[in-house]
Structures are given as C-alpha cells and as structure tokens.
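# A look at the structure
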Amino acid sequence: CLLEEEKESSDICELFKPKWRKLTFLIWGVWISFGFGYYGTIILSTTRVFQSNESTNDDAVTTGPEFNYGALFVTSTAEIAGVLLSILTVDSWGRVPSQVLGYAGGGISVFLMCTLSENGAPVAILTLVAFIARTFEMSASCVTWISTAEIYSTEIRSTGHSVANVMCRLSAFCCPFVVENASLRMVAFIMVLVHLLGVISGAFLPETKDVALGKFAKAEFQKKSKSGNSAGEPFFEAQTTYAIIE
C-alpha cells in the first residue's frame, strides 16, 4: 500500500499558514463556544437559577445563599445523557450535524432557562430545561474533542488541539464575570450569540465521518492539488514523501 508522510513543523506558527489558517479559526470559534457555553450553563444554573436569596436564622445572622441540591443533582446527571447522545449521533449523523445540533439546542435551552427563571417559572420546569441544556452542551463538547483531533494531521495535531483548548479555557475564564453579574435577559442574549458562533463555525468544518485518523489532510491535499487555490498554488505547502509498505 502507499503511505504518505508529510514533513511539516509542529510549531504554533504552522497554524497560521494558508494550509491551516481557515480551519484553525473555525476550530477556535467552536472551542470558544464550547468553553463559554458549557461552563456558563453550569454556573448559570448553580448561581442564578437554583439559588435562593440569602437566608437568616433566628438571630438575624446571615447564613448565605441556599441551593436547591435536588435540582442541581438532577441536572448534573445530564452529563450522562449528553455522552449517550453524542455516542448515538457522532457516527450515524456525522461530526458536523452533531455539533450543530448540540450548540443550537444548548443555546435555545439556555435562552429558555434564563427567560423562565426571570419570570418565576416553577422549579420543576426550570430543572427540565436545565437538564436539556446541559445534555446538549455535553454532547456538543464531546463531538468537538473528536472532530478537532480528526481534522489536524499527525504532525500538527497536538499543537492545534492544545491551542484550541487554550481558547476554550480563556472563554471559560471570562464567562463567570458575565453570567454572575449581568441581568438574566442580558445573559440569555449573550449566550445565544456565543452558541451561534459555535453553530456557524461547526457548520463550516469539514466532515470527518468514516475518514481514518490522519487521512483527512491527505484527501484535502489530493483534492486541492487537482483544482489549486485562488492563487494557483497547491492547497498544501508541505513537502510529501512516499514509502511503499508491503
């Protein structure tokens, strides 16, 4: 059989070359949405939706906020449902539809959760909506981890995945300042925009379903080499060597 090995650097600057630039920015958009949406949903349900006002004891001493631990426990089990949902859809639907579904469903659910909480909806309804939101968030994040590893080639995979993870952590770092301080209406609006970023970015990512790990770059190289890019240059700049393996 024919084995293709690409000679390319694993330096972070490689991500900004024409070969990877567009894919890198799309992947960053998905990971930013993942970090802000996933952790923002957890913080929102914990500190805003299922937390009552500060209570006091008989001596009028502040004891701090009270949490609805029953509702929090139920919504936490959505992590299991999210993993199961990703397992059911990642290979049957594909990576792109699974991510689009997850981020779209998460954004809609979080918006409803904020709106219902602001209007004083019953705890049972809020628990159900929060459960659905965390299910979608978990499912989308699982597929994002898989898709990113399959898009990048072996030489650049660890670097690309690490930088994308940094983008996720930076957005997760910023989300508490928004979720805990802004009004619920503003939080709902921001969360919709963040999830919209994930939907759009994820929709433009290449589908890697049924493609062997590391083979996506080879397929793109062959496709772009035939058509060429807008400047008439091959899609990949990396030199390629071939070895025949018996």
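Structure shown above.
Report on the accompanying structure.

About the cut-offs
Residues numbered from 1 in each chain as written. Predicted model: local features only at pLDDT ≥ 70, side-chain atom pairs only at ≥ 80, totals over all residues. Heavy atoms only, no water. Disulfide = S-S within 2.5 Å. Phe/Tyr/Trp six-rings, centres within 6.5 Å; stacked < 30°, edge-to-face > 60°. Helix = DSSP H or I, 4+ residues; strand = E, 2+ residues; numbered from the N terminus. Buried < 20%, exposed > 50% of the residue type's maximum accessible area, 1.4 Å probe, protein only. Axes fitted to C-alpha atoms, helices over the stretch in contact; angles between N-to-C directions. Parallel < 35°, antiparallel > 145°, perpendicular 65-115°, else oblique. Left-handed = near helix turned anticlockwise from the far one by under 90°. Contact = heavy atoms within 4.5 Å. Nonpolar A, V, L, I, M, F, W, Y, C, P; charged D, E, K, R; others polar. Salt bridge = Lys/Arg side-chain N within 4 Å of Asp/Glu carboxyl O. Core = buried A, V, L, I, M, F, W, Y, C linked by side-chain atoms within 4.5 Å.

Evaluated as defined, the whole model comprises zero disulfides. The thiol of Cys168 is not disulfide-bonded; the next cysteine sulfur, from Cys175, is found 9.6 Å away. Residue Cys174 stays outside any disulfide, its sulfur separated by 8.0 Å from that of Cys175, the closest cysteine.

Next up on the list: the packing of aromatic side chains. A full pass over the atoms with the stated rule returns nine aromatic pairs. Judged by centre distance (4.9 Å) and plane angle (70°), the rings of Trp31 and Trp145 are edge-to-face. Of this pair, Trp31 sits in helix α1 (residues 21-49) while Trp145 sits in helix α5 (residues 123-151), and the two are 114 residues apart along the sequence. Look at Trp31 and you get buried, because its relative accessible area is 0%.

This next bit is on the packing of α1 against α5. The interhelical angle for the contact between α1 and α5, taken along N-to-C directions, is 155°, at an axis separation of 10 Å. One way to sum up the angle between α1 and α5 is to call them roughly antiparallel. Relative to α5, the crossing made by α1 is left-handed. Packed against α1, whose contacting residues are Leu23, Ile27, Val30, Trp31, Phe34, Gly37, Tyr38, Thr41, Ile42 and Val49, the element α5 presents Leu126, Ala133, Arg134, Glu137, Met138, Ser141, Thr144, Trp145, Thr148 and Ile151 at the interface. Each residue belonging to the contact of α1 with α5 can be placed in one class, and the counts come to 13 nonpolar, five polar and two charged.

For the rest of this paragraph, the subject is the pattern of salt bridges. Side-chain pairing between opposite charges can occur once the charged atoms of the two side chains come close. Under the definition given, this model contains five salt bridges. Ionic pairing is found between Arg95 and Glu150, a salt bridge with its closest N-O pair at 2.8 Å. Of this pair, Arg95 sits in helix α4 (residues 95-118) while Glu150 sits in helix α5, and the two are 55 residues apart along the sequence. Taken individually, Arg95 and Glu150 each receive the classification buried, so the pair is uniform in this respect. A salt bridge links Glu118 to Arg185; the shortest N-O distance between them is 3.9 Å. Here Glu118 is found in helix α4, whereas its partner Arg185 is found in helix α7 (residues 184-203), with 67 residues between them in sequence. Through salt bridges with shared partners, a single network forms among Asp91, Arg95 and Glu150.

Now for the side chain of Ser139. Residue position: Ser139 is located in helix α5. With residues near it in sequence (within four places) discarded, Ser139 still touches Gly82, Leu85 and Ser86.

Counting 23 residues, the largest nonpolar core has Leu44, Val49, Phe50, Val110, Met113, Cys114 and Val187 as its most contacted members. Secondary-structure elements contributing two or more residues to this core are α1, α2 (69-76), α4, α5, α6 (154-179) and α7. The biggest single contributor to this core is α7, with five residues. Apart from the residues within four sequence positions on either side, Met113 is in contact with Thr41, Leu44, Ser45, Val49, Leu126, Val129 and Ala130.

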